[in-house]
Amino acid sequence: MSDTRDGLLAGRGVRFGVPVSDRYDAVRRCGELLVEIGAVSEDYIPSMREREDEISTYIGAGVAIPHSTAAGKKYVRRDALAVLALAEPVDWGDGQEVSMCVAIAALGDRHLDILAELAEVLMDPERADQLHQATTANEVIRLLQPAGKAENV
């Protein structure tokens, strides 16, 4: 996410202590935040739910990456991330608990690069733990940088 500072993830796209009732509520809240920051139109939100119905967006380390189906890409206005740190972990299915959602809006196939970079961050247990413990948007933005780039934020 070398361009995180350039608008992929901005402070206004990070929320802490977000109360949700279940994973679908979390997905909806992610979509609403993507709408609020101008990354997608409201029509993107149902396609996020459809993606979740097709295959879980849980990726490990207590993190899910809600995003749309291919059909939902037409509602994306710009590449963006939105991060929700949940007030309480929720069951994402199969007993997997999620306490943080990193929602993705991506034009074209850019989401594949974003997913690879998120995986890099989350494969480092120390960075993943720091991400869950973060209390400011700047910390989240710094921690979501790939190794070697985080120092530049």
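Residues numbered from 1 in each chain as written. Predicted model: local features only at pLDDT ≥ 70, side-chain atom pairs only at ≥ 80, totals over all residues. Heavy atoms only, no water.

Asker: Could you give an account of the environment of Ala 61, naming the residues involved and the relevant values?
Answerer: Inspection of the secondary structure puts Ala 61 in the loop between strand S2 (58–60) and strand S3 (63–64). In this structure, the C-alpha to C-alpha distance between Ala 61 and Asp 129, residues 68 residues apart in sequence, is 8.3 Å. Not counting residues up to four positions away in its chain, the partners in contact with Ala 61 are Leu 122, Ala 128 and His 132. (Helix = DSSP H or I, 4+ residues; strand = E, 2+ residues; numbered from the N terminus. Contact = heavy atoms within 4.5 Å.)

Asker: Go over the packing of helix H1 (residues 23–36) against helix H2 (residues 44–54), please, and point to the residues and values.
Answerer: As a packed pair, H1 and H2 sit with axes 9 Å apart at the nearest point and diverge in direction by 145°. As H1 packs across H2, the resulting crossing turns out to be right-handed. Between H1 and H2, the residues in contact are Arg 23, Tyr 24, Val 27, Arg 28, Cys 30, Gly 31, Glu 32, Leu 34 and Val 35 and Tyr 44, Ile 45, Met 48, Arg 49, Glu 52 and Asp 53, respectively. The residue inventory of the contact of H1 with H2, partitioned by class, reads eight nonpolar, one polar and six charged. (Axes fitted to C-alpha atoms, helices over the stretch in contact; angles between N-to-C directions. Left-handed = near helix turned anticlockwise from the far one by under 90°. Nonpolar A, V, L, I, M, F, W, Y, C, P; charged D, E, K, R; others polar.)

Asker: A description of the sheet that holds strand S1 (residues 14–18) should follow, citing residues and the corresponding values.
Answerer: One open sheet holds the five strands; their spatial order is S1-S4-S5-S3-S2, and the pairing between them is mixed. Sheet topology places S1 and S2 at the edges, where each strand pairs with a single neighbour. Where strand S4 (residues 80–91) and strand S5 (residues 97–105) come together, eight bridges link them in antiparallel fashion. Each bridged residue has a counterpart across the sheet, and for Asp 91 the counterpart in S5 is Glu 97. (Pairing = 2+ DSSP bridges.)

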